[in-house]
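Structural description and commentary
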Amino acid sequence: MFIFAQTQLLQMNYFSSDFKLGILGGGQLGKMLLTENRKFDIQTLVLDPSEEAPARYSCNAFYRGSLMDYDTVYQFGKMVNLLTIEIENVNLDALDKLEEEGLVIFPSPKTLRLIQNKGRQKDFYVEHNIPTAPHQRFVDLNDLRKSLEKDELEFPFVWKCAQFGYDGNGVKIVRSASDLNNLPDVECIAEQIVPYKNELAVIVARSVSGEVKTYPVVGMEFHPEANQVEYVICPARIDEKVAQKATEIALNVSEAYNHVGLLAVELFQTEDDEILVNEVAPRPHNSGHYSIEASYTSQFENHLRSILNLPLGNTASKVAGIMVNLVGAEGFSGPVVYENIEKIMAIDGVTPHIYGKRETRPFRKMGHVTIVNENMTEARRVAEEVKNSIRVISVQ
Ligand code: ADP
């Protein structure tokens with residue numbers, strides 16, 4: 001399949017031509033992908049359900065429609081020469097049909113199917129000897145309860161909804177029977193709690209012809225309540241040996257999926273320095289946003305290069321980079337205001353990215369700020385200053 005796709009792609013002239021790249025999803029990832037795409041002058045079409053999709057003004061043509069609807073996705077695919085995604089929850093039957101009819105799609109629908117469902121994703125790691133926390137799959141909550149009754153499952157564990165969870169909203173630590181009452185009745189997995197000292201991520205870029213590059217290992221720090229990443233730190237402040245192990249495992253994962261494009265591999269570094277794969281995202285990822293300012297080639301540019309089978313760009317960093325997520329402050333809902341944005345922009349090496357969502361809500365991802373500095377300690381200090389200064393609030 002890849003050889004076919006490769007020859008087909010090599011015959012195409014992407015630059016300032018009639019070639020059309022389709023992107024399923026028009027959120028912030030799509031917006032940043034399109035900003036990089038401007039360098040290449042490649043025509044882009046975007047499909048997204050929201051009239052106010054952040055990516056809508058940066059593409060050549062915007063189509064409003066459901067990403068889960070077979071006909072909408074199929075018809076959209078018929079208008080483009082190559083299709084990619086910025087969100088993995090899309091109609092896969094439509095993608096299968098488009099691929100059958102000759103459309104090149106990266107990541108492949110087959111890979112997306114393996115990833116879309118967390119249960120299937122975890123099974124895949126077990127089948128491929130990729131280290132991951134032990135898990136059990138359940139068709140619904142009742143199925144999980146029965147397993148507890150039969151002592152086949154024990155408290156505590158991490159409950160995860162199998163599909164359509166994101167940013168921690170489909171993840172809960174379950175310590176006792178009463179915790180079960182608050183869980184939705186959906187297909188789910190129960191996972192062993194990992195005693196980890198760090199959460200890490202490695203982004204792998206893999207092109208159609210198999211050229212592979214990895215970004216440096218990043219460290220993630222989480223907001224204790226919202227379960228969202230607060231800081232992404234590049235490079236992670238970890239031992240070189242641990243970084244090597246994490247990179248090797250990420251490469252194995254990308255190879256096992258035969259992945260084309262970017263693959264963000266989220267990892268746990270356990271207390272005894274084992275590396276376990278938590279989950280992957282087959283696309284540009286929050287943990288790689290720092291790369292726009294800090295790397296020689298941003299993750300978005302390398303996603304384009306990978307899927308177009310162009311030589312991959314240098315993934316090394318020019319400077320230390322830290323990313324701070326800008327999420328809606330608690331207690332504010334309505335038209336957004338970025339309080340103190342001028343104050344943080346007066347600091348050297350600070351760049352805000354505003355995604356273009358007009359309404360804020362508690363914990364909604366509204367933007368991020370990148371901090372770059374020659375010196376990591378100074379970058380970390382500035383990141384905290386940024387975090388303590390800027391607030392995403394609303395006028396009312
Ligand atoms: P999402 O897809 O919503 O990002 P994740 O599977 O990444 O969900 O889980 C969100 C967070 O929950 C992780 O970043 C981590 O902090 C915590 N978590 C997930 N799985 C485990 C686990 N097995 N043990 C301990 N903490 C976990």
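Computed from a predicted model, the values in this text were never measured in an experiment.

Quick look at the sheet that holds strand 5 (residues 104-105)
If you walk across this open sheet you meet the five strands as 3-2-1-4-5, and the pairing is parallel. Lying at the two open borders of the sheet, with one neighbouring strand each, are strand 3 (61-64) and strand 5. Helix 3 (residues 70-77) contacts strand 1 (20-24), strand 2 (43-48), strand 3 and strand 4 (82-85) of the sheet and is inclined by roughly 175° relative to strand 2.

Thoughts on the UniProt feature "binding site: ATP" (unreviewed entry) in the protein
Per the UniProt entry, the sites bearing "binding site: ATP" (unreviewed entry) are Lys118, Lys160, Glu191, Gln192, Ile193, Val194, Glu199, Asn278 and Glu279 in this numbering. Checked against the lining of the second largest cavity, the annotated residues just named reduce to Lys118, Lys160, Glu191, Asn278 and Glu279. Mapped onto the elements, Glu191 comes out in strand 9 (residues 188-191). Those residues in contact with Glu191, other than ones at most four positions away along the chain, are Lys122, Ala133, Pro134, His135, Phe157, Val158, Lys160 and Asn278. Contact partners of Glu199, with chain neighbours within four places excluded, come to Val218, Gly219, Met220, Phe222, Leu267 and Phe268. A polar contact is formed between the side chain of Glu199 and the side chain of Tyr196, at a distance of 2.9 Å.

Description of helix 3
The complete set of buried residues in helix 3 reads Val73, Tyr74, Phe76 and Gly77. Viewed end-on, helix 3 has its buried residues packed into an arc of 165°, placing them on one side of the element. Residues of helix 3 that are buried in the fold lie against strand 1, strand 2, strand 3, strand 4 and helix 4 (92-100).

Brief notes about the packing of helix 2 (residues 28-37) against helix 11 (residues 299-307)
Running from N to C, helix 2 and helix 11 point in directions that differ by 75°, and their axes come no closer than 8 Å. Judged on the interaxial angle alone, helix 11 and helix 2 are roughly perpendicular. On helix 11, the residues touching Leu29, Met32, Leu33, Glu36 and Asn37 of helix 2 are Phe300, Glu301, His303 and Leu304. When grouped by side-chain class, the residues that make up the contact of helix 2 with helix 11 number five nonpolar, two polar and two charged.

With respect to empty space enclosed by the protein
Going through the model one piece at a time under the given rule, you end up with two cavities of 30 Å³ or more. Considering only enclosed or pocket space, the second largest cavity measures out at about 40 Å³ in volume. If you trace the second largest cavity, you find it lined by Lys118, Gln121, Lys122, Tyr125, Lys160, Ile189, Glu191, Asn278 and Glu279. For the lining of the second largest cavity, the elements supplying multiple residues, two or more each, are helix 6 (118-127), strand 9 and strand 15 (275-281). No other element matches helix 6, which puts four residues into the lining of the second largest cavity. Classifying every residue of the lining of the second largest cavity by side-chain character gives two nonpolar, two polar and five charged.

Conventions used here
Every chain begins its residue count from 1, and numbering advances along the sequence as written. Owing to the predicted nature of the model, reporting of local features is limited to residues with pLDDT of at least 70; listing and counting of side-chain atom pairs is limited to 80 or more, with chain, interface and lining totals taken over all residues. To get the side-chain values, all heavy atoms of the structure are used, and hydrogens and water are removed first. Pairing between strands is defined by DSSP: at least two bridges between them are needed. Numbering of helices and strands runs from the N terminus, with a helix taken as a DSSP run of H or I at least four residues long and a strand as a DSSP run of E at least two residues long. Any two residues whose heavy atoms approach within 4.5 Å at even a single point are treated as in contact. Think of each axis as a best-fit line through the C-alpha atoms, taken over the contacting stretch in the case of a helix, with angles from 0 to 180 degrees between the N-to-C directions. UniProt positions are given in the numbering used here, feature names are shortened, and annotations may be inferred rather than shown by experiment. Definitions used for this entry: grid spacing 1 Å over protein atoms alone; cavity, a set of points where a 1.4 Å probe fits but cannot get out; pocket, an open set with protein on both sides within 12 Å along at least 5 of 7 lines; lining residue, one with an atom within 4 Å of a point. Throughout this description, a polar contact denotes any pair of N or O atoms lying within 3.5 Å of each other; where both atoms belong to protein, one of them has to be capable of donating a hydrogen while the other can accept it, and for residues adjacent in sequence the pair is counted only when both atoms sit in side chains. Accessibility here uses a 1.4 Å probe with only protein chains present; expressed as a share of the type maximum, an area under 20% marks a residue as buried, one over 50% as exposed, and anything in between as partly exposed. Each direction from the helix axis to a C-beta atom contributes to the arc, which is the arc of those directions. Reported orientations rely on four angle classes, namely roughly parallel under 35 degrees, roughly antiparallel over 145, roughly perpendicular from 65 to 115, and oblique for the rest. Gly counts as polar in this scheme, as do all residues outside two lists: the nonpolar Ala, Val, Leu, Ile, Met, Phe, Trp, Tyr, Cys and Pro, and the charged Asp, Glu, Lys and Arg. Grid points are joined across faces, edges and corners, and a volume is the space filled by probe spheres set on the points.

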